[in-house]
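Each chain, letter by letter, is given below.
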Amino acid sequence: MTVREDLKTTLNHNLSSGPKTIILAGATGALGQLIAGYLLQRKATVRALVRKNSSATAIEALRAKGAEIREVDYKNVVELTEACLGGDCVVSAVSGLREVIVELQSRLLQAAVAAGVPRFIPSDYCIDFTKLPAGSNRNLDLRREFQIILDKAPIKATSILNGMFTDLLTGQAPVILFKINRVLYWGKASQPLDFTTMANTAEFTAAAALDPNSPRFLKIAGEVASIRDLRNTASEVTGHKFRLLWAGSLGVLKTMITLTKTFSPGTDEVFPPWQGMQYLYDMLSGLPKLDQLDNNCYPEIKWTSVKDVLAEKIKLDKLN
Ligand SMILES: NC(=O)c1ccc[n+]([C@@H]2O[C@H](COP(=O)([O-])OP(=O)(O)OC[C@H]3O[C@@H](n4cnc5c(N)ncnc54)[C@H](OP(=O)(O)O)[C@@H]3O)[C@@H](O)[C@H]2O)c1
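Numbering of residues starts from 1 in every chain and runs along the sequence as written. Note on the predicted model: pLDDT of at least 70 is required for a residue's local features to be given, and 80 or more for side-chain atom pairs to be given and counted; whole-chain, interface and lining totals, by contrast, use all residues. Hydrogens and water are ignored here; the side-chain numbers use all heavy atoms of the structure.

Draft legend 1. How the structure looks around the sheet that holds strand 10 (residues 182-185). Strand order in the open sheet made by the 3 strands is 9-10-14, with mixed pairing throughout. Strands with a single pairing partner mark the edges of an open sheet, and in this sheet they are strand 9 (176-177) and strand 14 (243-246). A pair of strands is considered paired only if DSSP assigns at least 2 bridges between the two. Each helix is a run of H or I in the DSSP string that is no shorter than four residues. Each strand is a run of E no shorter than two, and both are numbered from the N terminus. Of the strand pairs in this sheet, strand 10 and strand 14 are connected by 4 bridges, and their pairing is parallel. Bridging from a neighbouring strand, Leu-184 pairs with Leu-245 of strand 14. Residues are treated as being in contact if the distance between any of their heavy atoms lies within 4.5 Å. For every element, the axis is a line fit to its C-alpha atoms; helices are fit only across the contacting stretch, and the angle between N-to-C directions ranges from 0 to 180 degrees. Sitting on the sheet, helix 8 (residues 227-238) is in contact with strand 9, strand 10 and strand 14, with an inclination near 165° to strand 10.

Draft legend 2. Up close: the site of the ligand. Near residues are defined by distance, with any heavy atom within 4 Å of the molecule or strand qualifying the residue. Around the ligand there are 25 residues in total, and Thr-28, Arg-51, Ser-54, Ser-123 and Arg-143 lie nearest to it. What qualifies as a polar contact is a pair of N or O atoms within 3.5 Å, subject to a donor-acceptor requirement within protein and to the restriction that residues adjacent in sequence count only when both atoms come from side chains. The separation between a nitrogen atom of the ligand and a polar side-chain atom of Tyr-279 is 3.3 Å. In these tables, accessible area is a Shrake-Rupley quantity obtained with a 1.4 Å probe, and a residue counts as shielded only by the protein chains included in the view. Burial of the ligand by the protein chains amounts to 79% of its free accessible area of 920 Å². When contributions to the shell around the ligand are tallied by element, the ones reaching two or more residues are helix 2 (30-41), helix 5 (98-114) and strand 8 (164-165). Broken down by element, the shell around the ligand gets its largest block of residues, 3 residues, from helix 5. Here the shell around the ligand is built from residues that sort into 14 nonpolar, 8 polar and 3 charged. Residues are grouped as follows: nonpolar covers Ala, Val, Leu, Ile, Met, Phe, Trp, Tyr, Cys and Pro; charged covers Asp, Glu, Lys and Arg; every other residue, Gly included, is treated as polar.

Structure, rendered in structure tokens:
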């Protein structure tokens, strides 16, 4: 079949209302694997784009769930276009810096348009970067840069904004300090913060991918909690009294970020320590707080609370 004939098949397919085909980039990643699972639960066909050197274990797990595996060279737009043919939506869950978020996603977008895929979900999954000043958060600047490219393309786009993955509160984000029963913060303890588990974000993304009417932005938060709320929840779940540990104003955190950037630049890393600190700074500033949440858009989704996540951690700690 020629590409033109394939394209005709794609257009006919998109007008019909059978099972949907979702092209999933970054399918081998932590979020991507979850998205694949939720799409398959919803009876979609999942075409998982993987690389030659992607983890064999992750590919096997995707195949076992029922995903179709398509090895691609992300530098080759013709190959990507072939991989996108017949798709109802391209979902990206890739992670990286400029070469991934801007350059790779641009080629994927070009391929999606060429293949006649009507919808595209970029790998955003973050706080509301549109409200942050340009130049303030490196990783989110890259999303803003890709947003401009995406909004010029003849394709319908939906970005999922979910705040911080709640899961990070059990380790990676040094906010709840379980060893010393403290909740560390800068600025105001009353600032509302958006948290959504990775699983809820994946389930919502899967629902949005299958919804031809999803809007340009979908904002979700499994729970909106302040630093004070986190202290109360940590105390309740652990049975130990947690106290607040104020480390200074947001200005102090800014200085710490500058110093960390200077002495430990980690420029090639996607998440060097200063990037995490910047993310926290932005959340504590209140600027990228999500307004008008779309949690009820897909009412079948049950939201996981901060309490549930912390309780699971305590349970696992007890088992180990
Ligand atoms: N809101 C939050 O708190 C939060 C926290 C963490 C992540 N996120 C976001 O969630 C999204 C997914 O993150 P994740 O944690 O699932 O990432 P991950 O586990 O590191 O997975 C990254 C995926 O991207 C693919 N990838 C990376 N570099 C690539 C390249 N050069 N070419 C092609 N594919 C490449 C990987 O493929 P291979 O298997 O082939 O390497 C993998 O499938 C990202 O947008 C990330 O920023 C949000």
